[in-house]
Amino acid sequence: MTHFKPVERLTESRIWRSIFRHGWPDNPLDRSLVMTSNIFLHLHPVKVQRRSLRWYYSLGLGVISVILYGLLIFTGVLLMFYYVPSVERAYPTMQEIQLSVPLGQFTRNMHRWGAHAMVVVVILHMVRVFYTGAYKPPRQFNWIIGVALLLLTLGASFTGYLLPWDQLSFWAITVGTNIAGYAPGAGPVLRQILLGSSEVSQPTLIRFYTLHIALLPLALALLISVHLWRVRKDGGLAASTPPED
Ligand code: HEM
């Protein structure tokens, strides 16, 4: 009769084996398998330099951006249960969310502050990438994707600003779309596309709403996936690349 140690008994069990396709990570092969067979860990290359894992190298700003994106999707979906994108109903539904929906004010504040935080954190992440020279080859393509992510983040913030349909949002978007209208060449067309009319009105609200709840979050999800995949393919964070002689 074979006598298994408690750890072996666990890792040899059929339930363990059906979930984890590797043994206890006490040898190089199993440690590699842990990294490649776990959906979260596989974002890291199997081998990384210790330096790239130190918290003060990246300050975790990219990861915090991903977490904020998740928080915004979660709170945004909750707000969608009540919000109605019509010029007559938008402001009253926001009031209702604040005053009578359980945890409504908390959810709205999480969404609003989370959005401000995401803009700040994404910009800080970009500054960190620049400061550590992580935009250089082979990561130049990921820098371009990053720029697109920054524009999408700003776009999501701008389109969300109109949705409460209060005086602040109405005039902010009036000013914003007027500025866009002065862009050389495409300005007037861009303004018309954004407004869907000659001034901020119902067509504008529905356009901003669709961009805010569908198009921009989907584009962000797609590009964040490519961005993280590229980090993996470029050999992890730049600090893990050995310096060239
Ligand atoms: C929605 C916005 C963004 C998200 C969610 C995001 C997420 C991430 C994550 C999780 C990492 C790896 C770990 C880390 O650095 O914390 C990363 C790395 C990287 N990001 Fe971003 N990022 C975003 C925007 C940007 C922007 C605006 C740029 C630059 C224009 C950028 C360029 C890069 C580059 C080049 C790397 C590799 C860094 C290295 O190798 O050290 N990202 N990003």
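Residues numbered from 1 in each chain as written. Predicted model: local features only at pLDDT ≥ 70, side-chain atom pairs only at ≥ 80, totals over all residues. Heavy atoms only, no water.

A. Representation of the overall build of the protein chain within the structure. Counting its secondary structure elements, the protein chain contains 12 helices and zero strands. Rg of the C-alpha trace for the protein chain: 24 Å, well past the compact-globule value of 18 Å for 245 residues, more than 25% over. Here the C-alpha coordinates of the protein chain stretch approximately 80 × 50 × 25 Å along the principal axes. Within the protein chain, the fraction of its 245 residues that count as buried is 34%. Sequence-distant contacts, at least 24 apart, represent 63% of the contacts inside the protein chain between residues at least 6 apart. Carbon and sulfur atoms make up 70% of the accessible area of the protein chain, which totals about 15,900 Å². Of the side-chain charges in the protein chain, 21 are positive and 11 negative, and the distance between the mean point of each set is 5 Å. (Helix = DSSP H or I, 4+ residues; strand = E, 2+ residues; numbered from the N terminus. Rg over C-alpha atoms; globule rule 2.2 N^0.38 Å. Buried < 20%, exposed > 50% of the residue type's maximum accessible area, 1.4 Å probe, protein only. Contact = heavy atoms within 4.5 Å. Areas by Shrake-Rupley, 256 points an atom, 1.4 Å probe, with all protein chains shown as cover. Lys, Arg positive; Asp, Glu negative; His and termini not counted. Charge placed at Lys NZ, Arg CZ, Asp CG, Glu CD.)

B. Representation of the coordination of the iron atom of the ligand within the structure. Bound to the iron atom of the ligand are the protein donor atoms His125 (NE2) and His227 (NE2), situated 2.0 to 2.1 Å from the metal. Because the angles between the six donor atoms bound to the iron atom of the ligand fall within 86 to 178°, the donor set is best described as octahedral. Separated by 102 residues along the polypeptide, histidine 125 in helix H8 (residues 104-131) and histidine 227 in helix H12 (residues 202-233) bring together distant segments of the chain. Neither histidine 125 nor histidine 227 differs from the other in exposure class; each is buried. (Donors = N, O, S within 2.8 Å, 3.2 Å for Na, K, Ca; no water. Tetrahedral: all angles 85-135°; square planar, octahedral: opposite > 155°, others 65-115°.)

C. The arrangement of the packing of aromatic side chains in detail. Enumeration according to the criterion identifies nine aromatic pairs in this entry. Taking 5.7 Å as the distance between ring centres and 35° as the angle between the ring planes, the aromatic pair formed by tyrosine 83 and tyrosine 209 counts as tilted. Note that tyrosine 83 is positioned in the loop between helix H6 (61-80) and helix H7 (90-99) and tyrosine 209 in helix H12, a separation of 126 residues in sequence. Note on tyrosine 83: relative accessible area 10%, which makes it buried. By relative accessible area, which is 13% here, tyrosine 209 ends up buried. Taken together, Trp16, Phe20 and Trp24 form an aromatic cluster joined through their ring pairs. (Phe/Tyr/Trp six-rings, centres within 6.5 Å; stacked < 30°, edge-to-face > 60°.)

D. Quick look at the site of the ligand. His125, Arg128, Gly146, His227 and Ala238 are the nearest of the 30 residues found near the ligand. Between the ligand and histidine 125 there is a distance of 2.9 Å, counted from a nitrogen atom to a side-chain nitrogen or oxygen. In this structure, arginine 128 approaches the ligand through a side-chain N or O atom, which is 2.7 Å from an oxygen atom. Among the secondary structure elements, those contributing two or more residues to the shell around the ligand are helix H5 (55-58), H6, H8, helix H9 (140-162) and H12. In terms of residue count, H9 provides more of the shell around the ligand than any other element does, seven residues in total. A class-by-class count of the residues in the shell around the ligand yields 18 nonpolar, 10 polar and two charged. (Near = heavy atom within 4 Å. Polar contact = N/O pair within 3.5 Å; in protein donor to acceptor, adjacent residues only side chain to side chain. Nonpolar A, V, L, I, M, F, W, Y, C, P; charged D, E, K, R; others polar.)

E. Highlighting the packing of H7 against H8. Where H7 meets H8, the axes come as close as 5 Å, and the angle between the chain directions of the two elements is 115°. As the angle between them shows, H7 and H8 are arranged roughly perpendicular. Along the contact surface, H7 presents Met94, Ile97 and Gln98, while H8 presents Gly104, Gln105 and Arg108. Split by residue class, the contact of H7 with H8 holds two nonpolar, three polar and one charged. (Axes fitted to C-alpha atoms, helices over the stretch in contact; angles between N-to-C directions. Parallel < 35°, antiparallel > 145°, perpendicular 65-115°, else oblique.)

F. Up close: the environment of methionine 118. Inspection of the secondary structure puts methionine 118 in helix H8. Taking the relative accessible area as the measure of exposure, methionine 118 reaches 5% and is therefore buried. The sequence separation of methionine 118 and serine 157 amounts to 39 residues, and the corresponding C-alpha distance is 9.1 Å.

G. Structural detail: the pattern of salt bridges. Tallied over the full model, the rule gives two salt bridges. The salt bridge partner of glutamate 12 is arginine 17, with a shortest N-O separation of 3.9 Å. You can call glutamate 12 partly exposed: its relative accessible area is 43%. Arginine 17 gets classed as partly exposed once you look at its relative accessible area, which sits at 33%. (Salt bridge = Lys/Arg side-chain N within 4 Å of Asp/Glu carboxyl O.)

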